[in-house]
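Summary of structural features
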Amino acid sequence: MLPETRGGGLGRRLIMSALEYAQARGDRAIYMFSKGGDWSSFGFQQVPLAVVMGDMPEAPQVQAYKARGERPGGTTWMRNLSQ
């Protein structure tokens, strides 16, 4: 990203657009693996990896974790879209 474009809200608009798209297609929740940042301002809550593994056992990140025993990202987040 060019320095002069920072702070213009493009990143926030992209994230909000993705959340609206997921909600419009009927998704009930979004899960995310993150190596940094605080996603709570977007309505995400930190959840244990075990929650994601139970809710989405077929997700590629979960499958890779099971195969290698390597945690996918540093923090696991979830946003409920049913509210």
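Look above for the structure.
Structural notes, computed from the coordinates. Values in this document were obtained by computation on a predicted structure and should not be read as measured data.

Comments concerning the side chain of R79
Turning to its location among the elements, R79 is positioned in strand β3 (residues 75-80). This buried residue, R79, is left without a salt bridge; E20 holds the nearest opposite charge, at 8.1 Å. Within the structure, R79 has its side chain in polar contact with the backbone oxygen of F42 (distance 2.5 Å). Those residues within four positions of R79 in sequence are excluded, and the remaining contacts are L19, R28, A29, I30, F42, G43 and F44.

Structural notes on the sheet that holds strand β2 (residues 45-46)
If you trace the 3 strands from one edge of the open sheet to the other, you get β1-β3-β2, paired in antiparallel fashion. At either end of the open sheet lies a strand with only one pairing partner, and these are β1 (29-34) and β2. Examined bridge by bridge, β2 and β3 share 2 bridges and lie antiparallel to one another. Considered in β3, the bridge of Q46 is made with W77.

Rules used throughout
Residues numbered from 1 in each chain as written. Predicted model: local features only at pLDDT ≥ 70, side-chain atom pairs only at ≥ 80, totals over all residues. Heavy atoms only, no water. Helix = DSSP H or I, 4+ residues; strand = E, 2+ residues; numbered from the N terminus. Buried < 20%, exposed > 50% of the residue type's maximum accessible area, 1.4 Å probe, protein only. Lys, Arg positive; Asp, Glu negative; His and termini not counted. Salt bridge = Lys/Arg side-chain N within 4 Å of Asp/Glu carboxyl O. Polar contact = N/O pair within 3.5 Å; in protein donor to acceptor, adjacent residues only side chain to side chain. Contact = heavy atoms within 4.5 Å. Pairing = 2+ DSSP bridges.

Don't take any of this as a statement about function, it's just geometry.
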